[in-house]
Amino acid sequence: MVTSSTLDLSEFCVQLPKIELHAHINGSISPKTMHQLRELKKHKYPELADFVVPEQLDRISDFFPLFKFIYKLTDDEEAIAIATRNVIDEFAKDGVRYLELRTTPRRNEDTGMTKESYLKSVLDVINEPRKENIIVRLIVSIDRRNTLEEAFETVDLAVKFRTQNIVGIDLCGDVHQGSFEHLRPAFDKARTEGFYVTLHFNEVVENMVEAPNLLSFGPDRLGHATLLDEPTRQTIYSNRIPIEICMTSNVISKTVKTFEDHHVKDLLVENHPFVLCTDDKGVFFSDLSNEYAICSTTFKMTRDQLFETSLHSIDAIFGGSELKSQLKQQWQEWHQANAHAFN
Ligand code: IMP
Ligand code: ZN
């Protein structure tokens, strides 16, 4: 329980129960875990000794090459299990009560890791019993660079392990590569199999031409949705498609100039559903509580508004009405027990 009415904003944002729906496992690995994994791997990859996570990424084009290093840290099942476990623990400590992680199954010929053993390792950790009050689900990502055959392979794996808390499929990866249309048959299959679908959407100008294709699929949520022309905006608003908002990620990767310019301001004005998320808390050094604090400070949101933002995020989860009701009850109980923290 929050005990002080003079609780500062950052502490309030940690205590506030939160929903995280857009977090890539390999981008969420904290510097502490990176250090731990580098110690494990540095004999195998001497070049890791020089690997320093940059404090500022110059452009979004600097971002994707970074993963070449991170993928050396998580090149086998044991390492991806350590990374996943630590990421979950860190979100739990930051007050996240419901977490949808996402990851792209990856093989490594040297270590013998297959896409299936990768996915199994992640799911084993997600389904471990834990004492922290956090529910964890998995979204399986399809990378824009994948061939259609690879995309089908990913959906087939999701089907195979569907009973182990896989809830959705995502389109992610380098925004300058590939196309949704090429991979669409795999997403059609995912939908037929009953998975929810979220798509990274209009992060850079070059993505805008494919926006009508992505929207015609009828995604359940959109990631970022940074650049919207009028017809696109209308479609998203009229269909009330929830948007996963990652303020620090967008500003550091320079797809949005400043926090003040962030497109979440339009969603606040329109009362359009959005969910504050981190994207890659490891490489952007920002926890979810920090994203709430940034949004609050930038747009002068009250603590009541922050609570409502978190509460409404429950409607966007990839889960059924029973789970949503349970979470809403938990949120209301927290609100009642901590009424003085809103003063
Ligand atoms: P992983 O899927 O767990 O390996 O997480 C890292 C991957 O997530 C990266 O290689 C990217 O493909 C993807 N990713 C992380 N952030 C973004 C983003 O903002 N846009 C598109 N893809 C992203
Ligand atoms: Zn993302």
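Every residue gets a number counted from 1 within its own chain, in the order that chain's sequence is written. Chains carry letters and ligands carry numbers; both start at the beginning, A for chains and 1 for ligands, and go up in the order they are written. For this predicted model, a pLDDT threshold of at least 70 governs which residues receive local features, and a threshold of 80 or more governs which side-chain atom pairs are given and counted, while totals over whole chains, interfaces and linings are taken from all residues. Hydrogens and water are ignored here; the side-chain numbers use all heavy atoms of the structure.

1. A closer look at the site of ligand 1
Phase 1: For this purpose, a residue is taken to be near a molecule or strand whenever a single non-hydrogen atom of the residue falls within 4 Å of it. Around ligand 1, the structure places 18 residues, and the nearest of them are Tyr 71, Thr 103, Thr 104, Asp 279 and Asp 280.
Phase 2: Residue Asn 26 places a side-chain N or O atom 3.0 Å away from an oxygen atom belonging to ligand 1.
Phase 3: Polar contact is the term for a pair of N or O atoms within 3.5 Å; when the atoms are in protein, one must be able to donate a hydrogen and the other to accept it, and sequence-neighboring residues count only if both atoms are side-chain atoms. Side-chain polar atom of Glu 203 to a nitrogen atom of ligand 1: 3.0 Å apart, as the coordinates give it.
Phase 4: In the complex, the protein chains occlude 98% of the 490 Å² of accessible area that ligand 1 would expose alone.
Phase 5: Within this scheme a cavity is a closed region of a 1 Å grid, computed over the protein atoms alone, that accommodates a 1.4 Å probe without allowing it to escape, whereas a pocket is open but has protein on both sides within 12 Å along at least five of seven lines; lining residues each have an atom within 4 Å of a point. Criterion for pocket placement: a molecule counts as inside a cavity or pocket if more than half of its atoms are within 2 Å of its grid points. Judged by its atoms lying within 2 Å of the grid points, ligand 1 is housed in the largest pocket.
Phase 6: Secondary structure is summarised from DSSP: a helix means a run of H or I of at least four residues, a strand means a run of E of at least two, and numbering begins at the N terminus for each. Residue assignment for the shell around ligand 1 shows that the elements contributing at least two residues are helix 3 (63-73) and strand 2 (96-103).
Phase 7: Amino acids outside the nonpolar list (Ala, Val, Leu, Ile, Met, Phe, Trp, Tyr, Cys, Pro) and the charged list (Asp, Glu, Lys, Arg) are all regarded as polar, and Gly is one of them. Class assignment for the residues of the shell around ligand 1 results in six nonpolar, seven polar and five charged. Methods summary: accessible areas were calculated by the Shrake-Rupley approach with a probe of 1.4 Å, and residue burial reflects only the protein chains presented.

2. Comments concerning the coordination of the zinc ion (ligand 2)
Phase 1: Here the term donor refers to an N, O or S atom within 2.8 Å of the metal (or 3.2 Å for Na, K and Ca), and because water is left out of the atoms, sites may appear incomplete. Donor atoms from the polypeptide that coordinate the zinc ion (ligand 2) comprise His 22 (NE2), His 24 (NE2), His 200 (NE2) and Asp 279 (OD), at 2.1 to 2.2 Å from the metal.
Phase 2: In this scheme the shape depends on donor count and angles: four donors with every angle between 85 and 135 degrees give tetrahedral, four or six donors with opposite pairs above 155 degrees and others between 65 and 115 give square planar or octahedral in turn, and any other case is irregular. Between the four donor atoms coordinating the zinc ion (ligand 2), the angles at the centre fall across 82 to 168°, so the site counts as irregular.
Phase 3: As a motif over one chain, the donors of the zinc ion (ligand 2) read H-x1-H-x175-H-x78-D. Residue His 22 is found in strand 1 (residues 18-24), and its partner His 200 is found in strand 5 (residues 196-201); the two are separated by 178 residues along the sequence. Neither residue differs from the other here; His 22 and His 200 are each classed as buried. In this scheme, a residue with accessible area under 20% of its type's maximum is buried, one over 50% is exposed, and one in between is partly exposed, where area comes from a 1.4 Å probe on protein chains only.

3. Section: the packing of aromatic side chains
Phase 1: Two rings from Phe, Tyr or Trp (for Trp, the six-membered ring) form a pair when their centres are within 6.5 Å of each other. A pair whose planes differ by under 30 degrees is stacked, one over 60 is edge-to-face, and the rest are tilted. Under the criterion given, the structure shown has 10 aromatic pairs.
Phase 2: Pairing Phe 187 with Phe 217 gives two aromatic rings, centres 6.3 Å apart and planes at 80°, and the pair type is edge-to-face. Here Phe 217 lies in the loop between helix 8 (211-216) and strand 6 (221-224) and Phe 187 lies in helix 7 (residues 180-192), a separation of 30 residues in the sequence.
Phase 3: Phe 217 gets classed as buried once you look at its relative accessible area, which sits at 6%.
Phase 4: With a centroid separation of 6.0 Å and an interplanar angle of 85°, the aromatic rings of Phe 307 and Phe 342 are classed as edge-to-face. Placement of Phe 307 in helix 14 (residues 303-313) and of Phe 342 in the segment after helix 15 (321-337) is noted, with a sequence separation of 35 residues between them.
Phase 5: Assessed through its relative accessible area of 2%, Phe 307 is described here as buried.
Phase 6: When its relative accessible area of 13% is taken as the criterion, Phe 342 is described as buried.
Phase 7: An aromatic cluster of at least three residues, connected via ring pairs, comprises Phe 12, Phe 307, Trp 334 and Phe 342.

4. Digging into the layout of surface pockets
Phase 1: The space that makes up the largest pocket amounts to roughly 830 Å³.
Phase 2: In terms of lining, the largest pocket is formed by 39 residues, of which the most central are Phe 64, Phe 67, Tyr 71, Asp 143 and Arg 145.
Phase 3: Broken down by secondary-structure element, the contributors of at least two residues to the lining of the largest pocket are helix 3, strand 2 and helix 5 (115-126).
Phase 4: A total of seven residues in the lining of the largest pocket trace back to one element, the largest contributor, which is helix 3. Grid points are joined across faces, edges and corners, and a volume is the space filled by probe spheres set on the points.

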